[in-house]
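Remarks on the overall topology
The lines below spell out each chain.
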Amino acid sequence: MFDSPPTEPTHSIDYHALIQEALGDFRLSEVTGVINLPALPIAVSQFAQKAKDEETSIRELARIVETDTGLTIELLKHVNCSYVGLRNKATSVAQALALLGRRQSTYILISKGLEAAVRARKSKLINQTCFWNASLQKALFAREVATLLNTDSDTAFAGSIVQDFLLPVVTNDYLVEYVNFVENRATKPTTLVEYEQQTFGWDHALVAAALAYKWHLPDEMICSLLFHHRGLELLSHPQLKRSPMAAVAISALLPDQLRQHKFGLEELQTLQSQWEEFDIMKLALRVDEIQKENDLGVKNDFPLSRRCQPVANTKLDMIDGILTHA
């Protein structure tokens, strides 16, 4: 039985050591020139670095954001949406930053900046509207799971929403290989990252994390990128088993366009059978409810509960079988 113990402080995790070990000898130079890597907006990069310094004032940070009109609009939209639930509405960037705090502001600006950079590319394989909707669903799901794990839900949300940001880029540059994966899914490895490692010698998680490391993004987000594909394995990790990264890894098992994990739903069902508080359909319906009640800026044409319907069907089949043999 999986039990959810008290919170383990995330500051006790040696993120830097985990990042160095996971990145190993990999260098971005191995893919530079082959993959058309995105550029993080300058304002986001500057903000992420300056925000780490407590001596940098809110006014100085606000001036950085205000150099980018798109980021300014997205930040104000986010802080004033009903989902954030703040009593006071922000009318300026400085107010928004003060209400959200440095860490959450950093997370939001990074996710919005990455989304803008990737959306600027025309994807040949991935429907970006569906892609970003699925990313938001995973992030909301990760946030709910983090609450069950008694760990930081904001970090889980931020790490989950960017976990696959590089996929629209790499699927363009290696279109033939990724189409082969999608069209011949039954004969391919269990996970997309296994296929990528066999085909290229790297995977999108590794490249994305190396890029985030180069951009000096927060260690928690780099770790989320590095370990999001580890699935239930992360629940046994000596440092990360009760961390936001574990919630991100669980969310990564949800179905998506590329079907990155062939047996993702089955693994979630296994977890559900061992963890009383973890109910896939209940969590999926909660995500749908949040999307329906709040304007989160992403059209939800394919609710998460519909993606997870096979889980409900399995439960019904089991009940029918029990009643038939009663």
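Look up a bit, the structure's there.
Now for a description of the structure that goes with this document. All values reported here derive from a predicted model rather than from experimental measurement. Throughout, residues of each chain are indexed from 1 in the direction in which the sequence is written. Local features in a predicted model are, by the rule used here, given only for residues with pLDDT of at least 70; side-chain atom pairs are given and counted only at 80 or more, and totals for whole chains, interfaces and linings are based on all residues. Working from all heavy atoms in the structure, the side-chain values ignore hydrogens and water.

**Some remarks on the overall build of the chain**
In this text, helices come from DSSP runs of H or I with a minimum length of four residues, and strands from runs of E with a minimum of two, each type numbered from the N-terminal end. If you tally the helices and strands in the chain, you get 18 helices and zero strands. For every residue, the accessible area (1.4 Å probe, protein chains only) is compared with the maximum for its type, and the residue is labelled buried under 20%, exposed over 50%, or partly exposed between those bounds. Among the 326 residues that make up the chain, the fraction classed as buried is 52%. In the form shown here, the chain has an accessible surface area of approximately 15,200 Å², with 51% of it arising from carbon and sulfur atoms. The Shrake-Rupley method, run with a 1.4 Å probe sphere, supplies the accessible areas, and residue values consider only the shown protein chains as cover.

**Digging into the environment of Val79**
Considering the arrangement of structural elements, one finds Val79 in helix H4 (residues 69-80). Sequence-wise, Val79 and Gln95 are 16 residues apart; in three dimensions their C-alpha atoms are separated by 9.5 Å.

**Focus: the layout of surface pockets**
Reported here for the second largest pocket is a volume of approximately 170 Å³. Definitions used throughout: a 1 Å grid over protein atoms alone; a cavity as a set of points that fits a 1.4 Å probe which cannot get out; a pocket as an open set with protein on both sides within 12 Å along at least five of seven lines; a lining residue as one with an atom within 4 Å of a point. Ala48, Ala51, Lys52, Glu54, Arg102, Arg103, Thr106, Tyr107, Pro218 and Glu220 together form the lining of the second largest pocket. Contributing elements (two or more residues each) for the lining of the second largest pocket: helix H2 (42-51) and helix H6 (102-119). Side-chain classes are defined by residue name, with Ala, Val, Leu, Ile, Met, Phe, Trp, Tyr, Cys and Pro counting as nonpolar, Asp, Glu, Lys and Arg as charged, and the others, Gly among them, as polar. Considered class by class, the residues forming the lining of the second largest pocket number four nonpolar, one polar and five charged. Grid points are joined across faces, edges and corners, and a volume is the space filled by probe spheres set on the points.

**Considerations on the environment of Val176**
Looking at the secondary structure, you find Val176 in helix H10 (residues 175-183). Residue classification places Val176 among the exposed residues on the basis of a relative accessible area of 66%. Between the C-alpha atoms of Val176 and Leu125, which are 51 residues apart in sequence, the distance is 9.8 Å.

**Focus on the packing of helix H12 (residues 204-214) against helix H13 (residues 219-227)**
Where H12 meets H13, the closest approach of the two axes is 7 Å, and the angle between their N-to-C directions is 165°. Relative to H13, the element H12 is oriented roughly antiparallel. Relative to H13, the crossing made by H12 is left-handed. Between H12 and H13, the residues in contact are Ala205, Leu206, Ala208, Ala209, Ala212 and Tyr213 and Ile222, Leu225 and Leu226, respectively. Residues belonging to the contact of H12 with H13 are distributed by class as follows: nine nonpolar, no polar and no charged. Note on geometry: axes are lines fitted to C-alpha atoms, helical ones only across the stretch in contact, with angles between N-to-C directions running from 0 to 180 degrees. By definition in this entry, angles of less than 35 degrees are roughly parallel, angles greater than 145 are roughly antiparallel, angles of 65 to 115 are roughly perpendicular, and the rest are oblique. Helix crossings fall into two classes, left-handed where the near helix is turned counterclockwise from the far one by less than a right angle and right-handed where it is turned clockwise. Contacts are assigned to residue pairs that have any heavy atoms within 4.5 Å of one another.

**Quick look at helix H11 (residues 192-200)**
Residues of H11 that are buried include every one of Leu192, Val193, Tyr195, Glu196 and Phe200, and no others. An end-on view of H11 places all buried positions within 155° of arc, on one side of the element. Each element contacted by the buried residues of H11 is listed here: helix H9 (167-173), H10 and H12. In the stretch just after H11, Gly201 is the one whose phi turns positive, near 90°. Taken from the helix axis, the directions to the C-beta atoms give the arc we talk about.

**What about the pattern of salt bridges?**
Salt bridge, as used here: a side-chain nitrogen of Lys or Arg that lies within 4 Å of a carboxyl oxygen of Asp or Glu. Tallied over the entire structure, the rule returns 12 salt bridges. For Arg143, the salt bridge is made with Asp154, and the minimal N-O distance between the two is 3.1 Å. With Arg143 in helix H7 (residues 128-149) and Asp154 in helix H8 (residues 153-161), this pair connects stretches of sequence that are 11 residues apart. Taking relative accessible area as the criterion, Arg143 reaches 22% and is therefore assigned partly exposed. Via salt bridges that share partners, Glu74, Lys77 and Lys112 belong to a single interconnected network.

**As for the nonpolar core**
Judged by nonpolar contacts, the single largest core of 104 residues is most densely connected at Leu75, Phe141, Val145, Phe165, Trp202, Ile250 and Phe278. Among the elements that make up this core, the one with the highest residue count is H7 (11 residues). In this view, Phe165 contacts Pro38, Leu114, Val118, Phe131, Trp132, Ala208, Leu211, Trp215 and Leu225; residues no more than four positions away in its chain are not counted. Nonpolar cores are built from buried Ala, Val, Leu, Ile, Met, Phe, Trp, Tyr and Cys residues. Side-chain atoms within 4.5 Å join them into one set.

**Things to note about the packing of aromatic side chains**
Centre distance and the angle of the planes are the two values used to describe a pair of aromatic rings. Classification of ring pairs uses Phe, Tyr and Trp, with its six-membered ring standing for Trp, and accepts pairs whose centres are within 6.5 Å; under 30 degrees between planes counts as stacked, over 60 as edge-to-face, and the remaining range as tilted. Taken as a whole and judged by the stated rule, the model has nine aromatic pairs. Relative to Trp202, the ring of Tyr174 lies with its centre 5.7 Å away and its plane at 65°, an arrangement referred to as edge-to-face. Placement of Tyr174 in the loop between H9 and H10 and of Trp202 in the loop between H11 and H12 is noted, with a sequence separation of 28 residues between them. A residue is classified by how much of its surface remains accessible, and Tyr174, at 16% relative accessible area, is buried. Centroid distance Trp275 to Phe278: 5.5 Å. Interplanar angle 10°. Geometry classified as stacked. Phe278 carries the same exposure label as Trp275, and that label is buried. By the ring-pair criterion, three or more aromatic residues cluster together here, those being Tyr174, Tyr178, Phe200 and Trp202.

**Overview of unusual backbone geometry**
Backbone geometry places His216, a non-glycine residue, at a positive phi of 60°. Positive phi values are uncommon outside glycine, yet Arg259 reaches one of about 50°. One can find Arg259 in the loop between helix H14 (244-251) and helix H15 (264-274).

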